[in-house]
Amino acid sequence: MTQLLQERESRASLQKQICQTYSLPLVVVKANMHGEDKRSLIQTIVACEGYFELKKLNISHHHYTYTVEGLIFYLSIDLPIEQIKRICVDIEENHPLGRLMDIDVFNSHGQIFRRNLNLDPRQCFICNEVAHICVREQTHPILDIENFILETFKKHLQADDMQVRWQRMIQTALIGELIKPLGYGCVTLSDQGSHSDMDALLFIESAHTVSMEISKAFIFSKDFKQLREVGKIAEQKMFEMTNGINTHKGAIFLMLLVMAGLQHPDPVKHISGLCEDILSDFQVDDGSHGMHLHKQYGITGIRGLAKEGFEDLFTQGYPYFQLHPIDDTFLRLIRENPDTTLMYRGGQSLYNECREKAKRTENSVERIKFDRWMKIQGLSPGGSADMLSAILLIDLYSWIMEETNDEPTHKDRYRRYLGIE
Ligand SMILES: [Zn+2]
């Protein structure tokens, strides 16, 4: 039996168990896509967008899994089951990503189908025939299906309203970094890394909250003061949302500046101009990790990188990502990028040891060993994870702002967004 079939079976028993435990209708949200391994960026975002829609209802209990079946949400909702089913069908039919979603509704007696409510069966997204017939007959070439998926996702990001567009790109970038296969101590979709107080769902919720705030600043690309004001509000909303846990503080600062930079012909020059006086921050002790390290070792951290316009990010990090898998890109960031989160937690000597170890990660055995070592040491390269999000934002921006239809030729987008070689 393939891993996918095994996962499907254990999901069926999990669904049954949840229905019995809570005696409530259960909604299962996932991406509606083919493939033996569904752990890709697009499939993850599609599932999250479905979750954000359903969150508007009164969710009593939630659970998620991340396997070769991709990210799946299990939501117990205290409403009549027929009403829930109609809402789910409405999302599948009308949300910009709805046709890529699979939202199933169960109770302890089994699944409720569209036909139980006298609704028309689901249509195939390519030819509008009954969907399950096209699936069974394999009517459409895989390439047509993949093109449709990629194009639908692109259209969703390319919202007419620029603020919505930025919100979707930033949210995708922040959630997207969680798909890295190994976290080396950071939270990923499959594990909590070195953090007992946070998991992927907290990051997903936080990404939603902070992207809503950050996107408001797209009009302030030349105004550092305004950017910082928006950043402060975003930070406050983040802490309210997470009950005081720092999920995205560094990412907020970075995303605001990268968003500003991308709107100008030379992002590095623009950001470095905006941040000309940023090192004067160190004159006032704000009690942050960055300040502590500056006082102790004279390290300028993310502020120092900002003053240089995040040059490495734009000229090395992003081009590297275009040619390498996300795991390699993340390891490169850990090796090359001064990470004050890591330094603060580990101290200078452990930090140096960590970066040395990150150099000896040629194969998967070494990588798994490094991942384990980081977790045992309680280390977490949070600053590098933020940088990875920023790389994703640059990549999404270059794709979304192109007006030409580039789908048939962009093989590398398939790899990066759909996990297809
Ligand atoms: Zn069809």
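Residues numbered from 1 in each chain as written. Predicted model: local features only at pLDDT ≥ 70, side-chain atom pairs only at ≥ 80, totals over all residues.

1. Some remarks on unusual backbone geometry
Spelled out, the test is: Think of it this way: any DSSP run of H or I at least four residues long counts as a helix, any run of E at least two long counts as a strand, and we number them from the N terminus.
Despite not being glycine, Asn118 has its phi angle at roughly 55°, a positive value. Among the structural elements, Asn118 can be located in the loop between strand E5 (110–112) and helix H4 (131–137). Positive phi, close to 50°, is recorded for Phe310, a residue that is not glycine. Position of Phe310 relative to the elements: it lies in the loop between helix H12 (301–307) and helix H13 (311–323).

2. Some details on the sheet that holds strand E4 (residues 101–107)
Rules: Here the rule is simple: two strands pair whenever DSSP picks up at least two bridges between them. Working convention: axes come from line fits to C-alpha atoms, limited for helices to the stretch in contact. Angles between N-to-C directions cover 0 to 180 degrees. Residues are scored as being in contact if the C-beta atoms we place from backbone atoms lie within 7 Å.
Across the sheet, which stays open at both edges, the 5 strands sit in the order E2-E3-E1-E4-E5 with antiparallel pairing between neighbours. Each edge of the open sheet is held by one strand with a lone partner, namely strand E2 (59–67) and E5. Adjacent strand axes in the sheet meet at a mean angle of 30°, parallel and antiparallel pairs treated alike. Bridge count between E2 and strand E3 (residues 70–77): 8 bridges; the pairing is antiparallel. Its bridge partner being in E3, Tyr64 is matched across the sheet by Phe73. On top of the sheet, helix H1 (residues 3–22) reaches strand E1 (26–31), E2, E3 and E4; it is set at about 20° to E3, its chief contact. Each of E1, E3, E4 and E5 touches helix H3 (residues 81–94); the most contacted strand, E4, lies at about 175° to it.

3. Concerning helix H7 (residues 200–214)
At 3.6 residues per turn, the α-helix brings residues three or four places apart onto the same side. Short version of the rule: Here a helix's expected span is defined as the number of its residues, less one, multiplied by 1.5 Å. Residues with at least 20 other C-beta atoms within 10 Å of their own are called buried, those with 12 or fewer are called exposed, and the rest are partly exposed. The C-beta atoms themselves are positioned from the backbone.
An ideal rise of 1.5 Å per residue puts 21 Å on 15 residues; H7 measures up with 20 Å between its terminal C-alpha atoms. If you check which residues of H7 are buried, you get Ala200, Phe203, Ile204, Ser206, Ala207, Val210, Ser211, Glu213 and Ile214. In this fold, the buried residues of H7 make contact with helix H2 (41–54), helix H6 (162–176), helix H8 (224–242) and helix H9 (249–262).

4. Considering H3
Between the first and last C-alpha of H3 there are 20 Å, a value that for 14 residues agrees with the 20 Å anticipated at 1.5 Å per step. Of the surrounding secondary structure, the elements contacted by the buried residues of H3 are E1, E3, E4 and E5.

5. Remarks on the pairing of E1
Buried residues dominate E1, accounting for 6 of its 6 residues. Burial of E1 is two-sided: the residues Leu26, Val28 and Lys30 facing one way and the residues Val27, Val29 and Ala31 facing the other way are all buried. Across 4 bridges, the pairing between E1 and E3 is antiparallel. Bridged to Val28 within E3 is Tyr74. Judged from the 6 bridges that link them, E1 and E4 form a sheet pairing that is antiparallel. Bridge pairing in E4 places Val28 opposite Asp104.

6. Quick notes on the confidence of the model for the chain
In plain terms, the rule: As a per-residue measure, pLDDT reflects the predictor's confidence and takes values from 0 up to 100.
Predicted confidence across the chain gives a mean pLDDT of 92, with 97% of residues reaching 70 or more. By mean pLDDT, the top-scoring element of the chain is H6 (98), and the lowest-scoring one is helix H11 (residues 289–297) (78).

7. Thoughts on the domain arrangement of the chain
To keep things clear, this is the line we draw: By convention here, the domain bounds are inherited from an automatic or database domain assignment. In this classification, Asp, Glu, Lys and Arg are treated as charged, Ala, Val, Leu, Ile, Met, Phe, Trp, Tyr, Cys and Pro as nonpolar, and every other residue, Gly included, as polar.
For the chain, the assigned domains are domain 1 (3–137) and domain 2 (161–418). Between the C-alpha centres of domain 1 and domain 2 there is a distance of 31 Å. Each partner contributes to the interface: domain 1 provides 11 residues, whereas domain 2 provides 12 residues. Of all the secondary-structure elements, those providing two or more residues to the side of domain 1 that touches domain 2 are H2 and E2. It is H2 that contributes the most residues to the side of domain 1 that touches domain 2, 6 residues altogether. Residue composition of the side of domain 1 that touches domain 2, by class: 8 nonpolar, 2 polar and 1 charged.

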